[in-house]
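Coordinate analysis (summary)
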Amino acid sequence: MRTLLRASSILAFFAVSSLLAATAACRERPADGAVRGSVAEPSPSYRGLMAQQVPRRFRRSADFEPAPPAAETREGLVEPEGTHAFYWTRAEYTDNGRGWGRYGGRERRGSWTTDYPKADYQFLVGLKRLLRIDAYDGINPVSLADPDLRRYPMIYAVEVGHMDLTREEIHGLRDYLNAGGFLICDDFWGTREWDQFERNIRAVLPGRPIVELPLDHPLFSTYYQIDSIIQVPNEGNARAITLGYPGAHTYERDGYVPHVRGILDDHGRLMVVINWNTDLGDAWEWAEDPLYPLVYSTYAWKLAVNMIVYGMSH
Amino acid sequence: MHRLFELLFKYRPIVFEQGHFALGAPGALRAWLLGAGVVGAVAVATYTLARGKTRPVDRAVMAGLRLALLGVLVFCLLQPVLVISSVVPQQNFVGIVIDDSKSMELPDADGRPRSAFVQDALGSEQSKLIEDLSERFTLRFFRFSSSSSRIDGPSDLAYDGTHTHIGAALDAARQELSGVPLSGLILISDGADNATTPLTRDLVPLQAAGVPVFTVGVGDESVSPDIEMGRVELPRSILEGSELLVDVVVTQTGMGRRSVPLIVESDDRILAQEQVELGPDGQPVVARVPFQLDKAGPTRIRFRIPVQEGERVEQNNAREAQLQVLGEREKILYMEGEPRHELKFIRRAVEDDQNIQLVVLQRTAPGKFLRLDVDSASELVGGFPRTREELYRYRALVLGSIEASFFSHDQLQMMADFVSQRGGGLLMLGGRHAFAEGGWIGTPVEEVLPVVMEPPQDGPDEFLAEIRVAPTPAGLANAAVQLGAPPGEVAARWDSLPAVTTVNPISELRPGATELLKGTGEALAADQVVLAHQRYGRGKALALTVQDDWLWQMIPPVEDQSHETFWRQLMRWLVDGVPNEVRAAVAQEQVEQGEPTRVTAQVSDSAFIDVNDATVTARITTPSGMVEDTALTWVVQRDGEYGLDFTPSEEGEYRIDVAAERDGHVLGNDEIHLRAAPSDEEYFGAGRRTQLLERIADETGGRFYTPTTVSTLPDDISVTGAGVTLTEERDLWDMPALFLLMFMLMAAEWGYRRSKGLA
């Protein structure tokens, strides 16, 4: 009997524990977010006027809420609601779990969040000073599987060497690019990450070759004249160079030579720009750091402005 | 009716119309009669005032009747006459002008051709009409179709003319008989006039010369059963690959409501085929046929409905029209004020179009521009054109989101002149710096635009509306907004496109503008004008008030071509009909061999200012390959216009290359084509046009007859007063109507007395 009671109490304990755990899990589940690997539903906010007017809020998970723009970087700024000609849109994608992915130094949240959101805010500040463009000042991440992706004809994907796209993301990105979308890839290094990226992008655009973009390509002269491809180091390497540490270098892993490659459509227009063995995102993110060499930030902005002007005109 | 009139009043109405009334009694007799009348009246009045068993009303009625009788009697005693001028027999001429066109051979309901009347009434000297006319007049016969000539008699008629130019024929006969006393012209025709000049122009000389025209209408007023295709209008030229949307009017009489195929073909190649539901008898229906022309060069298009069983006229089931399909690459300048996705997607939409070159000038930063698809390194290197010559190189101008203050006043005026003087197309796109939000109110461009701009109320960023776009009825009839959908599915195709946004609230059109697309949305107080156009001077202006129609490309399925089709057709429409420095034209695109026509050329310089001192030459290549250079001379009345009268001497296709130069510099050239061939025009509108013939008679003082009433014509023409005439007085006192009136008055008085017991 005592054994029976002990067994019953053990069973009751497990049942209550399971119930509490399940309740807690439900409470933690994002209210309106997408579950990784599934097709994201259109944001409720879009049911109103339009997604462009009020960009979707960050909705990866309930406990991952970036600070609003006013508190983060643009103190006091009241962003008017309205349609802008340009939204700097960051691609949310599924990764293989080996990338950096972080937010504000806290726990890892996927490769796509690398440098996010500081790099985005700082990039937009520079962009609007260099280019006469009606750009939205806030962040705007969108999943590759989200139908709303097609409302933003230019997207930026970072750490693409850790991409592990789901079927929905592959289809979403393929339709996006074939409809006229423009993808900028950045911050992945070495052979191993290239192979991972190439596997994914070939699934998206099978049969389309990846080509090296020569310096006489319009991409390098659309706004700024760029005469050489510079390897932009990450923050740590850049500081080491500035501080003159012995053995300081710009490369990571075996990515010694920077490349700007592309995938072209049937008319020879760029659909995808691939910045390999370089880290433009860190150059924007740490541009204010006195230890981050200005030459890299300048180059990163020049190339970015060229990509944007090209992507909005070709 | 006329016979009854003649029985009562002794003469036909025309005698009363032509003559004037007079009294024939001598003055003394008149006075005596007047006195007698007064005395009689007093006597009657006295008699009516006599008291008896009659009531006053009875006496008044009887006195009135007696007075009326007395009045008629006095009228007769005054010897009323009609003074009329009648021709002196054999002293005057009459011209008989006979229609010699093909339509006179069309059979009427009785199976006999219209020309049978000519043979019956005028074919032999023994015919009654000829006899009556010959007794009084010397007759002269004329034939006419597209031209007219003197003939000996009806036996010279062939009825093979391919046009009917009535006015010119009447005027030619008048001129030929101007040296002789002319009593009038007799026109025998079905009235199927197809001259391009207004009839009034030829009737005025007849009126001035006092020559009455007596018209004899032959043929049935309605040709039935029959199907007839109305005139088909095509643009003079079109870009290769453009979609044409042509309205074809089809009318049936006596065929019943049925569905018939309408076939569009060129060089034996079928371009399109549509089923047409015919309307009720005599009511035209409009069939809308879309088709594309993919081969550059002069193109002849044939629209036809296969001949249906039992049709009286087969030739009027088809129409032909000529147009020039241009293989040129038309340059359009697109000025954009900032980086926008709109630019990218418009460029992509028209990139495959070999006939459109979209030159882009995009401001990327203050004073910094991106130039795309320019022809040379120097093109637009200084930014937006500063001279007319530089701007007028383009055939159309697209303004994106760019504020008016970016331009100098001269540049703004130049843009307005670009449309009104150069004849270019202007398209303004929606955006935060477009329309009123871009400060375009009060600029010279404002009145060029087809929409009314209201000043922004609360700043440029306040208004934003999401709208769904739908075609208006005018839009459904315009090729530019068909989206490549079949005619019945255009509205549904538009409905399938995603909503777009606008930041420019525009709900009002300018007078004369046409709305092609409209937008509806919850945030709008009134429907948004999305796409509108208007003619302005020589050119046209369009307004597209949405700012992100690239969503029509990004959101629908990848294979959807709506956005590309919309922009290609819109751009092609924008440059459609934009003139060159030299614009040649021919009065008719098809004439008969030997029929004169006129070639004209409008010549201007590179700033599109008309030039009057140019040397303009037409190089005419005949169908047989002969080449002849002929000079065009300046038409003094109109600046920049040069003309040449030309008569094709052989059948076939003529090519006319017109070149203009001044001081050794070539101003420009143009190419036109003229076809010399027999025409089927006679078979269209082939019913007798009674109204036209009546109008000719009325306006010249003649009368209209049909074959059944024509027997009185010789008498009528004798009293028109034209020619050598004698003035004669015709008695009216013995008109049967007067005696009948007196008898009726007497009978009325007697009847009244009887009814009142007074007799």
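Note that the coordinates shown come from a computational prediction; the quantities given were computed from them, not determined experimentally.

Another aspect to go through is the pairing of strand β3 (residues 92–99) of chain B. Residue and element names in this part refer to chain B. Burial within β3 is extensive, with eight of its eight residues counted as buried. Side-chain alternation along β3 places N92, V94, I96 and I98 on one buried face and F93, G95, V97 and D99 on a second face that is also buried. In the sheet, β3 pairs with strand β4 (residues 137–144) via eight bridges, with the strands oriented parallel. For V97, the partnering residue across the bridge sits in β4 and is F142. Sheet analysis places β3 next to strand β6 (residues 182–189), joined by six bridges and oriented parallel. Pairing of V94 across the sheet is with G184, part of β6.

Our focus in this paragraph is the interface of chain B and chain A. Counting residues at the interface gives 36 residues for chain B, matched by 35 residues for chain A. Contact between chain B and chain A buries roughly 3,100 Å² in total, counting both sides, with carbon and sulfur atoms accounting for 54%. Joining chain B to chain A, the criterion identifies five salt bridges. For the salt bridge of R132 of chain A with E403 of chain B, the shortest nitrogen-to-oxygen distance reads 3.8 Å. The tally of links from chain B across to chain A stands at 13 residue pairs in polar contact (both at pLDDT 80 or more). Of all the secondary-structure elements, those providing two or more residues to the side of chain B that touches chain A are α9 (341–350), β17 (356–365), β18 (368–372) and α14 (551–554) of chain B. Among the elements that take part in the side of chain B that touches chain A, α9 of chain B stands out by supplying six residues, more than any other.

Turning our eyes to something else, we now look at the domain arrangement of chain B. Residues and elements named next belong to chain B. One can read the domain layout of chain B as domain 1 (2–86 + 728–756), domain 2 (89–221 + 687–723), domain 3 (226–326), domain 4 (330–575) and domain 5 (582–676). Between domain 3 and domain 4, the C-alpha centre-to-centre distance is 33 Å. The three residues of domain 3 that bury the most area against domain 4 are L239, E243 and L245, which together make up 57% of that side's buried surface. Here domain 3 is connected to domain 4 by zero salt bridges.

Turning to the pattern of salt bridges, a few remarks are in order. Oppositely charged side chains are able to pair whenever their charged atoms sit close together. Across all of its chains, the model carries 56 salt bridges over all chains by this definition. With a shortest N-O distance of 3.6 Å, R253 of chain A and E252 of chain A are connected by a salt bridge. You can call R253 of chain A partly exposed: its relative accessible area is 46%. R598 of chain B is the salt-bridge partner of D645 of chain B, the closest N and O atoms lying 2.9 Å from each other. Of this pair, D645 of chain B sits in strand β33 (residues 641–646) while R598 of chain B sits in strand β30 (residues 597–603), and the two are 47 residues apart along the sequence. We classify R598 of chain B as partly exposed; its relative accessible area is 29%.

What follows concerns the sheet that holds strand β10 (residues 243–253) of chain B. All names here are of chain B. Read across the open sheet, the three strands follow the order β8-β10-β13; overall the sheet is antiparallel. Each edge of the open sheet carries a strand with a single partner, namely β8 (226–229) and β13 (285–292). Geometrically, the sheet is characterised by an average inter-axis angle of 30° between neighbouring strands, direction not taken into account.

Residue and element names in this part refer to chain A. The buried fraction of strand β3 (residues 154–158) is high, at five of five residues. Sheet topology places strand β1 (residues 89–92) next to β3; two bridges connect them, and they run parallel. From the neighbouring strand, T89 faces β3, where its bridge partner is I155. Alignment of β3 against strand β4 (residues 182–186), held across five bridges, turns out to be parallel. Residue pairing across strands places A157 opposite C185, the latter belonging to β4. Taken together, β3, helix α4 (residues 167–179) and β4 constitute a β-α-β crossover, and its handedness is right-handed.

All names here are of chain B. Residue position: D629 is located in strand β32 (residues 627–634). Judged by relative accessible area, D629 falls into the partly exposed class, the value being 44%. When the C-alpha positions of D629 and I14 are compared, they lie 57 Å apart, and in sequence the two are 615 residues distant. Within the local environment of D629, its side chain forms a polar contact with the side chain of R619, the two groups lying 2.8 Å apart.

Grouped together as the largest cluster of nonpolar side chains are 125 residues, with contacts concentrated most on I308 of chain A together with W494, F566, W567 and M571 of chain B. When residues in this core are grouped by element, the largest group, eleven residues, is from helix α8 (residues 294–311) of chain A. Those residues in contact with I308 of chain A that sit more than four places away from it in its chain are F86, W88, F123, L127, L131, I133 and M154 of chain A.

This paragraph deals with the packing of aromatic side chains. Residue and element names in this part refer to chain B. All told, the structure shown has 37 aromatic pairs over all chains when counted by the stated rule. Ring centres of F369 and F406 lie 5.9 Å apart, and the angle between their planes is 70°; on these two criteria the pair is classed as edge-to-face. Taken together, the positions of F369 in strand β18 and F406 in the loop between β19 (396–399) and α11 (409–420) put the pair 37 residues apart, joining distant regions of the chain. You can call F406 partly exposed: its relative accessible area is 24%. Considering the side-chain rings of Y392 and F608, the 5.9 Å spacing of their centres and the 75° angle between planes classify their relative orientation as edge-to-face.

Moving on, we come to helix α3 (residues 118–130) of chain A. In this model, α3 of chain A (13 residues) spans 19 Å end to end at C-alpha, consistent with the 18 Å of a helix rising 1.5 Å per residue. For α3 of chain A, the complete set of buried residues consists of K118, A119, D120, Y121, F123, L124, G126 and L127 of chain A.

All names here are of chain A. Take N306: it is sitting in helix α8. On the accessibility criterion, N306 (0% relative accessible area) is buried. Sequence-distant contacts of N306, defined by excluding residues within four places in its chain, comprise L219, F220, S221, T222, Y223, Y224 and I226.

Residue and element names in this part refer to chain A. Positionally, L280 belongs in helix α7 (residues 280–285). Along the backbone, L280 and P233 are 47 residues apart, and their C-alpha atoms lie at a distance of 8.1 Å. Dropping the residues within four chain positions of it, L280 is found in contact with D186, V232, N275, Y299, A300, L303 and M307.

Before going further, it helps to spend a moment on unusual backbone geometry. All names here are of chain A. The omega angle of the peptide bond from Y116 to P117 is -5°, so this bond is cis rather than trans. As for its placement among the helices and strands, P117 is situated in the loop between β1 and α3. With phi around 70°, D115 is a residue other than glycine that occupies positive phi space. Assessed through its relative accessible area of 6%, D115 is described here as buried. A positive phi is found at R253, a non-glycine position, where the angle reads about 45°. Examined against the element boundaries, R253 turns out to sit in the loop between α6 (235–243) and β6 (259–264).

A contiguous nonpolar surface patch, about 390 Å² in accessible area, is contributed by M1, L4 and L7 of chain B. Judged by relative accessible area, which is 46%, L4 of chain B ranks as partly exposed.

Definitions and limits used
Residues numbered from 1 in each chain as written. Chains lettered and ligands numbered in written order. Predicted model: local features only at pLDDT ≥ 70, side-chain atom pairs only at ≥ 80, totals over all residues. Heavy atoms only, no water. Buried < 20%, exposed > 50% of the residue type's maximum accessible area, 1.4 Å probe, protein only. Helix = DSSP H or I, 4+ residues; strand = E, 2+ residues; numbered from the N terminus. Pairing = 2+ DSSP bridges. Contact = heavy atoms within 4.5 Å. Buried area = accessible area lost by both parts, 1.4 Å probe. Salt bridge = Lys/Arg side-chain N within 4 Å of Asp/Glu carboxyl O. Polar contact = N/O pair within 3.5 Å; in protein donor to acceptor, adjacent residues only side chain to side chain. Domains from an automatic or database assignment. Axes fitted to C-alpha atoms, helices over the stretch in contact; angles between N-to-C directions. Right-handed = clockwise from strand over helix to strand, strands pointing away. Core = buried A, V, L, I, M, F, W, Y, C linked by side-chain atoms within 4.5 Å. Phe/Tyr/Trp six-rings, centres within 6.5 Å; stacked < 30°, edge-to-face > 60°. Expected span 1.5 Å × (residues − 1). Patch = residues over 30% accessible without salt bridge, like charges linked within 9 Å, V, L, I, M, F, W, Y side chains within 5 Å. Areas by Shrake-Rupley, 256 points an atom, 1.4 Å probe, with all protein chains shown as cover.

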